[in-house]
Amino acid sequence: MSDTKIPHLATSLPGPEARAVVARNDRAVTPSLPHAYPLVVERAQGVVVEDVDGNRFLDCAAGIAVCSTGHCHPRVVEAIQEQAARLLHICGADFYDPMYIGLAERLGDLAPGDGPKKVFLGNSGAEAVEAALKLARHHTGRARELAFFGAFHGRTMGAVSLTASKPVYRGGFGPLVPGITHVPYAYCYRCTYNLTYPACNLACVSYIEDMLFARSIPPDEVAAIFVEPVQGEGGYIVPPPGWLSRLRALCDKYDILLVDDEVQSGMGRTGKMFAIEHWGVEPDIVCSAKALASGMPLSAMIARDEVMDWPAGAHGSTFGGNPVSCAAALATLDVIEGEGLMANASRVGERLLGNLRELAEESRLIGDVRGLGLMIGVELVRDKETKEMAKEETDRVARECFERGLLVLPCGPNSIRFSPPLIITEAQADAAFEIFAEALLAVER
Ligand SMILES: Cc1ncc(COP(=O)(O)O)c(C=O)c1O
């Protein structure tokens, strides 16, 4: 399969093979999986995905921001194959696994903040968040947390209790973990307080102290504030300068831990290894997953030494940090650092962002374009004045892109996200942009 920038569509979509697989899926697979459109993948390489009917797509979804090094990067595949032949599993919880330890050392050094850190490895983003929630309670002896409206932290009971991006994620599962309060994120395009940055003086942070802590939640009962430095599933929302530093200061004032959920934004996607580095803020705990191992299941919860103070047996996992995923992660880090992927994410991301912002001026539907590196969101509205959300149109744009050979995913109620592999070239990003512009026009008509 050649790594072409031009998609190739042999059949109308979905093709006959894809239709047959979708029918089998509907008989055999849980209906809770949302499926954005009927893409049925046979293989993928680099930025190009090929479906079971031989159609080729430019991938700006990357398996939800996972395939950072591109699909099946040869160095990652080689590391996986080599490790799989040597050792598949030993359980880093019960025995000492040099792969687990090697990755922990590397992540501890990479994570933002001075001083030594310790690392717990899990299998998924939710598991890293779950571990952070448990550690925050254990370390502080407190039993409340704050998280943000629009947040997505995962689907296990603790993680979904911190999540507040769509009611369907929470509905029917209550009672959820008690003690979690949601507050407005710094979503300046739709400010909850109807204010404008910077004149707002970050009222969304002041609210936590002046209203919540003053009137309903004793701050000395709060273990942690969970935050995505760029909100992901909620709509790819970039907070304004100063917001994360103000949160850090609030945490410092009341001895609250700042938990940085980098599951979607981390591992170079925004042009830095961890997105929070853009603001020079040091969290107490970092959660990473998705892109960490280029597609192998792996997550990490990284905390300052003095925070990770729970006793043996307090937390663990049978599969977490299995040697094959660790080998993939170490190779992924080599590729991100050695092949200049963060610089590429900044350069190509800037260009794509610029093109989308120009398109926004002519487009009837684009209300806002925002992003950092290759984490770019385009919010669609029916009316630029009232900002009425164009929810159905958003799904239609994603579908029109698919039918033209471009993979993008919606996020939030009415945004399209671009989260391509970090190896995407300018020419491929330009081709993706052209297809997106055509798809958008088709829906606008
Ligand atoms: C910021 C964030 N945290 C946690 C998760 C949960 O990760 P997983 O689906 O691997 O459990 C996600 C998944 O989208 C995420 O975006």
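Located above this text is the structure these notes cover.
Residues numbered from 1 in each chain as written. Predicted model: local features only at pLDDT ≥ 70, side-chain atom pairs only at ≥ 80, totals over all residues. Heavy atoms only, no water.

## Considering the site of the ligand
Contacts to the ligand come from S124, G125, A126, F152, H153, G154, E228, E233, D261, V263, Q264 and K290. At 3.3 Å, a backbone N or O of F152 approaches a nitrogen atom of the ligand. At a separation of 2.7 Å, a nitrogen atom of the ligand approaches a polar side-chain atom of D261. Protein chains shield 83% of the accessible area of the ligand, which is 390 Å² for the free molecule. (Near = heavy atom within 4 Å. Polar contact = N/O pair within 3.5 Å; in protein donor to acceptor, adjacent residues only side chain to side chain. Areas by Shrake-Rupley, 256 points an atom, 1.4 Å probe, with all protein chains shown as cover.)

## Here's the deal with the packing of helix α4 (residues 98–110) against helix α10 (residues 323–338)
One can describe the packing of α4 onto α10 by two numbers: an axis separation of 9 Å at closest approach and a directional angle of 35 degrees. Classified by chirality, the crossing of α10 by α4 is left-handed. When α4 is examined against α10, the residues M99, Y100, G102, L103, R106, L107 and L110 are found in contact with a partner set consisting of P323, C326, A327, A329, L330, L333, D334 and E337. Partitioning the contact of α4 with α10 into residue classes produces 11 nonpolar, 1 polar and 3 charged. (Axes fitted to C-alpha atoms, helices over the stretch in contact; angles between N-to-C directions. Helix = DSSP H or I, 4+ residues; strand = E, 2+ residues; numbered from the N terminus. Left-handed = near helix turned anticlockwise from the far one by under 90°. Contact = heavy atoms within 4.5 Å. Nonpolar A, V, L, I, M, F, W, Y, C, P; charged D, E, K, R; others polar.)

## Regarding the layout of surface pockets
By volume, the second largest pocket is sized at about 710 Å³. Of all the elements in the fold, those that place two or more residues in the lining of the second largest pocket are α4 and β4 (117–122). At 4 residues, the largest contribution of residues to the lining of the second largest pocket is made by β4. (1 Å grid on protein atoms, 1.4 Å probe; cavity = no way out; pocket = protein on both sides within 12 Å on 5 of 7 lines; lining within 4 Å. Points joined across faces, edges and corners; volume = space filled by probe spheres on them.)

## Digging into unusual backbone geometry
Here the amide bond leading from L13 into P14 is cis, since omega sits at -10 degrees, within 30 degrees of zero. By the element assignment, P14 lies in the segment before α1 (16–28). The backbone phi angle of S294 is positive, close to 60 degrees, even though this residue is not glycine. Within the element layout of this structure, S294 appears in the loop between β9 (285–288) and β10 (299–304).

## As for the sheet that holds strand β13 (residues 406–407)
In any sheet, the strands associate via hydrogen bonds between backbone groups, in a parallel or an antiparallel arrangement. Spatial ordering of the open sheet is given by β1-β2-β3-β13, a layout of 4 strands whose pairing is mixed. The strands lining the two open edges of the sheet, one partner per strand, are β1 (41–45) and β13. Pairing of strand β2 (residues 48–51) with strand β3 (residues 56–59) involves 3 bridges; the strand directions are antiparallel. Residue pairing across strands places V49 opposite F57, the latter belonging to β3. (Pairing = 2+ DSSP bridges.)

## As for the sheet that holds strand β11 (residues 366–372)
The strand order β11-β12-β15-β14 describes an open sheet built from 4 strands, whose pairing is antiparallel. Unpaired on one side and paired on the other, β11 and β14 (409–411) mark the two borders of the sheet. Strand-to-strand twist in this sheet, taken as the mean axis angle between neighbours without regard to direction, amounts to 30 degrees. Relative to strand β12 (residues 375–380), β11 runs antiparallel, the two being bridged by 6 bridges. Across the sheet, residue I366 finds its bridge partner in β12, namely L380. Sitting on the sheet, helix α12 (residues 391–403) is in contact with β12, β14 and β15 (415–418), with an inclination near 35 degrees to β15.

## Points about the environment of H8
Mapped onto the elements of the fold, H8 is located in the segment before α1. Expressed as a C-alpha distance, the spacing of H8 and G54, which sit 46 residues apart in the sequence, is 8.3 Å.

## Comments concerning the nonpolar core
Buried together is how nonpolar side chains tend to be arranged in soluble globular proteins. L107, M301, F418 and F436 are the most contacted members of the largest nonpolar core, which has 104 residues in total. Among the elements that line this core, the one with the most residues is helix α13 (residues 426–444), at 10 residues. Core analysis: the next-biggest nonpolar cluster, separate from the first, contains 36 residues, L212, I217, C251 and V381 among them. (Core = buried A, V, L, I, M, F, W, Y, C linked by side-chain atoms within 4.5 Å. Buried < 20%, exposed > 50% of the residue type's maximum accessible area, 1.4 Å probe, protein only.)

## So, the environment of R106
With respect to the helices, strands and loops of the structure, R106 is situated in helix α4. Take R106: its relative accessible area is 23%, and that puts it in the partly exposed class. Ignoring any residue separated from it by four or fewer positions in sequence, one finds R106 in contact with L330, L333, D334 and E337. Only 3.2 Å separates the side chain of R106 from the side chain of E337, close enough to count as a polar contact.

## Some details on the pairing of β11
Judged by how many residues are buried, β11 sits mostly within the fold: 6 of 7 residues are covered. Linking two consecutive strands that pair antiparallel, namely β11 and β12, is a turn of 2 residues; a positive phi of about 55 degrees is found at G373 within it.

So far we have only geometry, and geometry alone does not tell us how the molecule works.
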